[in-house]
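The chain contents come next:
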Amino acid sequence: MADVVEIFEVGPRDGLQNEPVFINALQKIALVDGLAKAGLPRIECASFVSPKWVPQMADGSAVVSGSSRRASELYALVPNERGLQHALISPVQGICLFLAATEGFNRANTNISRTGAIERVKLLIDNFKNNTDGSIALRGYISCVIDCPYDGKVAPSGVAEIAETLFQAGCDEISLGDTIGNGHPDQVDAMLTAVKKRVPSRILAGHYHDTAARALDNIDVSLEHGLRTFDASIAGLGGCPYAPGAKGNVGTEKVFDHLLSRGFSILGDPDRAALARVGDMARSIVGRPLNAI
Ligand code: HMG
Ligand code: MG
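Summary of the structure given here. None of the values given here were measured: they were computed from a predicted structure. (Residues numbered from 1 in each chain as written. Chains lettered and ligands numbered in written order. Predicted model: local features only at pLDDT ≥ 70, side-chain atom pairs only at ≥ 80, totals over all residues. Heavy atoms only, no water.)

1. Focus on the overall build of the chain
In step 1: Broken down by element type, the chain carries 11 helices and 11 strands.
In step 2: A globule of 293 residues ought to have a C-alpha radius of gyration of about 19 Å, and the chain, at 17 Å, matches this closely.
In step 3: Referenced to the eigenvectors of the C-alpha coordinate spread, the extents of the chain come out at roughly 40 × 40 × 35 Å.
In step 4: For the chain, with 293 residues in total, the buried portion stands at 60%.
In step 5: A sequence separation of at least 24 residues applies to 75% of the contacts in the chain between residues at least 6 apart.
In step 6: Accessible surface for the chain amounts to roughly 11400 Å². Of this, 52% is attributable to carbon and sulfur atoms.
In step 7: A gap of 3 Å separates the mean positions of the 28 positive and 33 negative side-chain charges of the chain. (Helix = DSSP H or I, 4+ residues; strand = E, 2+ residues; numbered from the N terminus. Rg over C-alpha atoms; globule rule 2.2 N^0.38 Å. Buried < 20%, exposed > 50% of the residue type's maximum accessible area, 1.4 Å probe, protein only. Contact = heavy atoms within 4.5 Å. Areas by Shrake-Rupley, 256 points an atom, 1.4 Å probe, with all protein chains shown as cover. Lys, Arg positive; Asp, Glu negative; His and termini not counted. Charge placed at Lys NZ, Arg CZ, Asp CG, Glu CD.)

Structure (structure tokens):
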């Protein structure tokens, strides 16, 4: 039987967060529902961050509440206690926390030092555990696992240290972000080798932006390391507001085709034609061609 890999869809959150023109909640909900109907098991559909920092994500509650939850599990990103409380009164099945491996990116993205970010996330995880009954999944993101737009090259040991902290604090899953999307497979290999000394590969996901068009190569090396979950964004939507020049996540359709061509099967058996139609919807929502197929 074919080895199964999951595509974790992040288009409605990571993909849209950097769009300069406000996309209304109905359009966001249509995108999430299209992705759910296409058969993607988990969709990160919103973030509960400061609207002063990321105005595009200001309507997280409306998006989560309005999206269909039958077919897919909906996840939301939170930066702090306030975001966590808002997300937990919405019907989400998963919460995503985030911090970066580097000083510069933590400061630019969440106005806090690296040490402060680690402490904040540990506290958030404690609060999450105290306020939930085990039915909501907890995903932790580490940004800048290869390099940082502010601090340059990142030591794999620094990524491994944070991954171990998230694991020990109780994250169910840790997603490793090549935020700028310039990583080479040999760098991903070195990073994963270090992380796997401290955290089992079964809870790791690869989150590769595709700026340098090497995301599929980075997925391949990650598959060799035993990773079986990859974040992707429909039509390659995206870019991070605090990572200048970074492009979107690797496109969902691209990852789908690549995994099938390599003989893997895809969790949930998504419908490729339906994904193509949602990709068209994504292009029409942002009003420009995207580069992901
Ligand atoms: P701050 O300015 O230090 O904190 O921001 P603050 O507490 O002074 O908050 C500023 C204002 O926001 C205040 O409003 C707060 O009340 C409000 P004011 O009093 O001035 O009117 N506020 C909130 N409003 C709604 N929801 C909240 C919330 N928190 C505060 N949760 C803060 C600190 C963390 C809030 C801010 O820096 C922030 O929201 N940052 C988020 C940035 C972000 O979303 N970045 C993109 C996501 S990460 C990513 O894309 C990477 C990833 O994809 C992986 C990868 O690719 O690497 C995951
Ligand atoms: Mg990202």
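2. Some points on unusual backbone geometry
In step 1: You will see that cysteine 144, though not glycine, has its phi angle at about 60°, which is positive.
In step 2: Among the secondary structure elements, cysteine 144 is positioned in the loop between strand 5 (137–143) and strand 6 (147–148).
In step 3: Its relative accessible area of 0% is what places cysteine 144 among the buried residues.
In step 4: Even without a glycine there, the phi angle at aspartate 269 is positive, about 50°.

3. Some points on the packing of helix 2 (residues 25–37) against helix 11 (residues 272–286)
Two numbers describe a pair of packed helices, the interaxial angle and the distance between the axes.
In step 1: Between helix 2 and helix 11, the least distance of the axes is 10 Å, while the angle of their chain directions is 165°. Considering their axes alone, helix 2 and helix 11 lie roughly antiparallel with respect to each other. Regarding helix 2 and helix 11, the two cross each other, and that crossing is left-handed. Here Gln27, Ala30, Leu31, Gly34 and Leu35 of helix 2 come into contact with helix 11, specifically with Val278, Met281, Ala282 and Ile285.
In step 2: Across the contact of helix 2 with helix 11, the residue classes tally to seven nonpolar, two polar and no charged. (Axes fitted to C-alpha atoms, helices over the stretch in contact; angles between N-to-C directions. Parallel < 35°, antiparallel > 145°, perpendicular 65-115°, else oblique. Left-handed = near helix turned anticlockwise from the far one by under 90°. Nonpolar A, V, L, I, M, F, W, Y, C, P; charged D, E, K, R; others polar.)

4. Some points on the coordination of the magnesium ion (ligand 2)
In step 1: Only Asp14 (OD), His207 (NE2) and His209 (NE2) from the protein coordinate the magnesium ion (ligand 2), and they sit 2.0 to 2.3 Å from it.
In step 2: The sequence pattern describing where the donors of the magnesium ion (ligand 2) fall on their chain is D-x192-H-x1-H. Taken together, the positions of aspartate 14 in helix 1 (residues 11–15) and histidine 207 in strand 9 (residues 204–208) put the pair 193 residues apart, joining distant regions of the chain. Each member of the pair, aspartate 14 as well as histidine 207, is classed as buried. (Donors = N, O, S within 2.8 Å, 3.2 Å for Na, K, Ca; no water.)

5. Observations regarding the site of ligand 1
In step 1: With respect to spatial proximity, 26 residues lie near ligand 1, and among them Lys52, Arg82, Asn111, Ser143 and Thr179 are the closest.
In step 2: A distance of 3.3 Å separates a nitrogen atom of ligand 1 from a polar backbone atom of valine 49.
In step 3: Within the side chain of histidine 209, a nitrogen or oxygen atom sits 3.0 Å from an oxygen atom of ligand 1.
In step 4: In the complex, 77% of the free accessible area of ligand 1, which totals 1100 Å², lies under the protein chains.
In step 5: Only helix 1, helix 4 (81–88), helix 5 (103–110) and strand 5 provide two or more residues apiece to the shell around ligand 1.
In step 6: Here the shell around ligand 1 is composed, by residue class, of 10 nonpolar, 11 polar and five charged. (Near = heavy atom within 4 Å. Polar contact = N/O pair within 3.5 Å; in protein donor to acceptor, adjacent residues only side chain to side chain.)

6. Examining the pairing of strand 1 (residues 4–9)
In step 1: Counting buried residues in strand 1 gives five out of six residues, a clear majority hidden from the surface.
In step 2: Sheet topology note: the strand 1/strand 11 (residues 265–266) ladder contains two bridges and is parallel. Counterpart to valine 4 in the pairing with strand 11 is serine 265.
In step 3: Alignment of strand 1 against strand 10 (residues 229–232), held across four bridges, turns out to be parallel. Paired with glutamate 9 across the strands is alanine 232, a residue of strand 10. (Pairing = 2+ DSSP bridges.)

7. A word on helix 7 (residues 156–169)
In step 1: Between its terminal C-alpha atoms helix 7 stretches 20 Å, which fits the 20 Å expected from 14 residues at 1.5 Å a residue.
In step 2: By the burial criterion, the buried members of helix 7 are Gly158, Val159, Ala160, Ile162, Ala163 and Leu166.
In step 3: Lining the buried residues of helix 7 we find strand 4 (94–100), helix 6 (114–131), strand 5, strand 8 (173–178) and helix 8 (185–196).
In step 4: Positive backbone phi, approximately 120°, marks glycine 170, located one or two places after helix 7. (Expected span 1.5 Å × (residues − 1).)

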